Amino acid sequence: MKKSQMMTGNQAIARGFYEAGGHVAASYPGSPTVEMLEEIKHQYPEIYAEFSVNEKVALEVGIGSSMTGARTLVSMKHVGVNVAADPLMTFTETKTKGGFVLMSGDDPGMASSQNEQDNRIFAQFANMPVLDPSDSQEAKDFTKLGIEISETYMTPVMLRITSRLCHGRGLVTIDDRETHDIKGFEKSPSDYGMIPPNTFDKQYHMKERIEKLQSDLEQLNVNHYEAVSGAKTLIITSGLAYQNTMELKPNASILKLGIVFPLPMSWIRTLSTQYEKILVIEEMTPFIENQIKLAGISCEGKAFFPFTGELDIEVIEKGLAEAGVSVGNPTVMPVGLPEENVMGRLPMFCAGCPHRPVFDILKKSKNTVIGDIGCYSMGILFPLEVLDSIISMGASLGMIKGMKKAQRLSGKNEPLVAVIGDGTFYHSGMTGMMNLLHQLDPSDNMTIVILNNGTTAMTGGQPNASSSPYGDGSDMHIDMPKLIETMGFDRIKVVDQFDYKETKRVMDEEMKHEGLSVVITTRPCALRYKIKEPHFYVDPTICIGCRSCVKTNCPPIHMKAYEGIEKLKSSIDPTLCVGCSVCSQVCPVGAIKRS
Ligand SMILES: Cc1ncc(C[n+]2csc(CCOP(=O)(O)OP(=O)(O)O)c2C)c(N)n1
Ligand code: SF4
Ligand code: SF4
Ligand code: SF4
């Protein structure tokens, strides 16, 4: 009997790639896919795995490996595909050799993302088939199927999975690993050299392989039809929306799609003649719905189901009711249960976070601050409210220049600050950084603050090029101040931000300076490196209750009533404090002391 194991979608994909005889896996961290490559790194040493410097590089590593005949898996969060789009859009023109699967982690509802893009559209745009698993078992099976389709049709394949499936668990059967030899790179400039005239016939290749796959869909047995006798409606669905729809037992037949591009259109056309109505249930854009409509088949979908957010069971139930489809298993709202008494909590820097003093100083400066993506993005939220914009990884450094040039044209030169982390700087900040030196007016007042905390903290603390001093397994030893100096920057200040007064002095000076300057902070991430120094405490007899320490927003600090003292005074929870000393340095009367 086959063994089964509970697995998350991420673990199942890693397992599927291992079983498929996978050779090379590359990724860039981001939710919801980051744990997939971590699983490969820890569980399957047979596979070469790396977190590359960014998604474009991860894809390029994958292209090289696939061209050499290796079975390849590249994973990234949905927005990562934007970063990798340039090589992707041309790679899909070539004839894929070693099976190539691109795992895209989409995030309906934006639980941990800056936008909600539907990468099924991206895949169609790039002419690559899209597999859409609906549980962990399918996540594993479709990874293997993706490799198979890729090699048979000589195409890269997108394995599109959403956050809830990446993190949700299900039972998965375990199979052995296939063996597969790497044949090596075979020179074929017309297949791999993508300049005209080679590119012309590749357009036909892309079109033909999708048409061939479409005509073979039935043999692949990846789409399933479940007829309900007497049903007047056919529901077409895929992914998690399928599982949630089935929970309700709708009075309708179901066509469950495993491949959402290309669609089994002739089958859908035949089925459409047997039903009064076709209803498409899919998260995010009307991707399936529009393909069906374009084929001239009448259907509905987004008229009843939202175009944004997750389609949970209640949302689907409401849509089905509006569409006139009854359900056999309606949700029952629990009545009479005690209300949950859970305190709401704002996202906030950890106790002892090295970003805290920097944001305290920036808040006091009241300058315009262009933010970027990382833990420090929380600086846009209440109560910090320091950042004035966040767009995408690395964008702050291009944006500050555009703002400055526009400002100068309007006759002003107010201080502008950009804040970026080390991970984001290496990912895609460096090009914008170099661009600052182009057509620079020496009096352009811009301050670039680089939060060099030695890790990519927000995605779980993966190593980056700044991690090696902390023994984090990184074999890249980039000296950031030297790198920036080599680029051509001459005003670089390196600060220990836990020396609050000195850091404030330097930052205030640089923000006043009419010119371009760089401030690099040096303290590592408190959480990643488990920093715990002796804690601090408040002497309530000295404390004047001014709340300066509370305004640093460190979780252990709060005002409280002490016995025998009338006014509220500050206090520090010793179990949470990690002893960074920042609060003690902002206290005007020395009431905060180390234990
Ligand atoms: C294109 C893209 N890829 C990946 C992510 C996921 N992500 C969010 S923040 C971040 C990097 C954070 O590292 P860093 O800039 O060093 O800041 P820290 O979290 O350490 O403060 C990543 C990779 C993303 N948002 N966009
Ligand atoms: S994980 Fe690290 S960088 Fe992020 S908030 Fe916590 S201490 Fe700060
Ligand atoms: S010393 Fe103060 S600021 Fe630092 S972790 Fe403890 S309570 Fe927070
Ligand atoms: S900063 Fe000092 S004086 Fe002000 S509330 Fe905190 S402990 Fe009290």
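Residues numbered from 1 in each chain as written. Chains lettered and ligands numbered in written order. Predicted model: local features only at pLDDT ≥ 70, side-chain atom pairs only at ≥ 80, totals over all residues. Heavy atoms only, no water.

A. Local environment of helix H11 (residues 239-247). Within H11, burial applies to Gly239, Leu240, Ala241, Tyr242, Asn244 and Thr245. The elements touched by buried residues of H11 are helix H8 (163-167), strand S9 (224-226), strand S10 (233-238), strand S11 (253-257), strand S13 (277-281) and helix H14 (313-322). (Buried < 20%, exposed > 50% of the residue type's maximum accessible area, 1.4 Å probe, protein only. Helix = DSSP H or I, 4+ residues; strand = E, 2+ residues; numbered from the N terminus. Contact = heavy atoms within 4.5 Å.)

B. Representation of the sheet that holds strand S17 (residues 492-495) within the structure. Judged by pairing direction, the sheet is parallel, and its five strands sit side by side in the order S14-S15-S16-S18-S17 without closing on themselves. The sheet terminates laterally at strand S14 (368-370) and S17, the two strands that pair on one side only. Averaged over all pairs of adjacent strands, the angle between their axes in this sheet comes to 20 degrees, without regard to strand direction. By the bridge criterion, three bridges tie S14 to strand S15 (residues 416-421) in an arrangement that is parallel. Within S15, the position partnered with Ile370 by the bridge is Ala418. Where helix H15 (residues 355-365) meets the sheet, it contacts S14, S15, strand S16 (446-451) and strand S18 (516-521), and its direction lies at approximately 160 degrees from that of S16. With respect to the sheet, helix H16 (residues 395-409) is in contact with S14, S15 and S16, its orientation differing from that of S15 by roughly 175 degrees. (Pairing = 2+ DSSP bridges. Axes fitted to C-alpha atoms, helices over the stretch in contact; angles between N-to-C directions.)

C. Region of the structure containing a nonpolar patch on the surface. Among the surface-exposed residues, Val53, Val57, Met476 and Ile478 lie close enough to one another that they form a single nonpolar patch of about 260 Å² accessible area. Here Val53 is to be found in the loop between strand S3 (48-51) and helix H3 (55-67). (Patch = residues over 30% accessible without salt bridge, like charges linked within 9 Å, V, L, I, M, F, W, Y side chains within 5 Å. Areas by Shrake-Rupley, 256 points an atom, 1.4 Å probe, with all protein chains shown as cover. Salt bridge = Lys/Arg side-chain N within 4 Å of Asp/Glu carboxyl O.)

D. Focus on the site of ligand 2. Taken together, Phe349, Cys350, Cys353, His355, Cys375, Asn453, Ala457, Cys525, Ala526 and Leu527 form the complete shell of residues around ligand 2. Considering only residue class, the shell around ligand 2 consists of eight nonpolar, two polar and no charged. (Near = heavy atom within 4 Å. Nonpolar A, V, L, I, M, F, W, Y, C, P; charged D, E, K, R; others polar.)

E. Spatial organisation of unusual backbone geometry. Backbone torsion omega between Ser31 and Pro32 reads 10 degrees, so that peptide bond is classified as cis. Along the chain, the position of Pro32 falls in the loop between strand S2 (24-27) and helix H2 (34-43). Phi angles above zero are rare outside glycine, and Asn221 is one such case at about 55 degrees. Structurally, the position occupied by Asn221 is in the loop between helix H10 (198-220) and S9. Residue class for Asn221 comes out exposed when judged on its relative accessible area of 52%. Although it is not a glycine, Gln439 sits at a positive phi angle of roughly 55 degrees.

F. Representation of the nonpolar core in the model. Judged by nonpolar contacts, the single largest core of 65 residues is most densely connected at Phe359, Phe425, Met433 and Ile450. Not counting the four nearest positions on each side in its chain, Phe359 is found in contact with Phe349, Tyr376, Gly379, Leu384, Val386, Leu387, Val419 and Leu451. (Core = buried A, V, L, I, M, F, W, Y, C linked by side-chain atoms within 4.5 Å.)

G. Summary view of the environment of Met433. With respect to the helices, strands and loops of the structure, Met433 is situated in helix H17 (residues 422-435). Assessed through its relative accessible area of 0%, Met433 is described here as buried. Separated by 39 residues in sequence, Met433 and Gly394 have C-alpha atoms that sit 9.0 Å apart. The contacts of Met433, once residues within four sequence positions are left out, are Leu397, Phe425, Ile448, Ile450, Ile484, Met487, Phe489 and Val518.

H. Focus on the sheet that holds S11. Strand order in this open sheet of four strands is S9-S11-S10-S13, and the pairing throughout is mixed. The two strands at the open ends of the sheet, each matched to only one other strand, are S9 and S13. If you compare each strand with its neighbour and ignore which way they point, the axes differ by 20 degrees on average. As defined by bridge partners, S10 adjoins S13 across five bridges and the pair is classed as parallel. Note on S13: the bridge partner recorded for Ile235 is Leu279.

I. Quick peek at the packing of helix H1 (residues 9-19) against helix H7 (residues 136-153). Two elements in contact, H1 and H7, have axes whose closest approach is 7 Å; the angle formed by their N-to-C orientations is 35 degrees. Crossing of H1 over H7 shows right-handed handedness. Contacts from Gly9, Ala12, Ile13, Arg15, Gly16, Phe17 and Glu19 of H1 reach H7 at Ser136, Ala139, Lys140, Thr143, Lys144 and Ile147. The residue makeup of the contact of H1 with H7, split by class, is five nonpolar, four polar and four charged. (Left-handed = near helix turned anticlockwise from the far one by under 90°.)

J. Main features of the packing of aromatic side chains. According to the stated counting rule, one finds eight aromatic pairs in the structure shown. Aromatic pair Phe185 and Tyr192: ring centres 5.4 Å apart, planes at 35 degrees, arrangement tilted. Taking the ring centre of Tyr242 as reference, the NZ or CZ of Lys256 above it sits at 5.4 Å. Above the plane of the ring of Tyr562 lies Lys560, whose end atom (NZ or CZ) is 4.7 Å from the centre. (Phe/Tyr/Trp six-rings, centres within 6.5 Å; stacked < 30°, edge-to-face > 60°. Lys NZ or Arg CZ within 6 Å of the ring centre and 35° of its normal.)

K. Representation of the side chain of Ser571. Its place among the elements puts Ser571 in strand S21 (residues 569-572). A residue is classified by how much of its surface remains accessible, and Ser571, at 6% relative accessible area, is buried. When neighbours within four sequence positions are excluded, Ser571 is seen to be in contact with Val538, Pro556, Ile557, His558, Lys560 and Tyr562.

L. View of the pattern of salt bridges. Taken as a whole and judged by the stated rule, the model has 35 salt bridges. With its nearest N and O atoms 2.9 Å apart, the salt bridge here joins Lys405 to Asp444. Taken together, the residues Lys405 in helix H16 and Asp444 in the loop between H17 and S16 connect sequence positions 39 residues apart. Judged by its relative accessible area of 27%, Lys405 falls in the partly exposed class.

M. Here's a closer look at the pairing of S21. Of the two faces of S21, the one carrying Lys569 and Ser571 and the one carrying Ser570 and Ile572 are both buried. Alignment of strand S20 (residues 557-560) against S21, held across four bridges, turns out to be antiparallel. Within S21, the residue paired with Met559 across the bridge is Ser570.

N. Layout of the side chain of Ser517. You can see Ser517 is positioned in strand S18. What Ser517 contacts, discounting residues up to four positions off in sequence, is Met446, Thr447, Ile448, Arg491 and Glu510.

O. Quick look at the pairing of S18. Across the six residues of S18, six count as buried, placing the element largely inside the fold. Alternating positions in S18 separate into two faces, Leu516, Val518 and Ile520 on one and Ser517, Val519 and Thr521 on the other, with burial throughout. Strand direction decides the pairing type here: S16 and S18, joined by six bridges, are parallel. Directly across from Leu451, in S18, lies its bridge partner Thr521. By the bridge criterion, four bridges tie S17 to S18 in an arrangement that is parallel. When the bridges of S18 are listed, Lys493 appears paired with Val519. Once you follow S17 into helix H19 (residues 500-512) and on to S18, the crossover reads as right-handed. (Right-handed = clockwise from strand over helix to strand, strands pointing away.)

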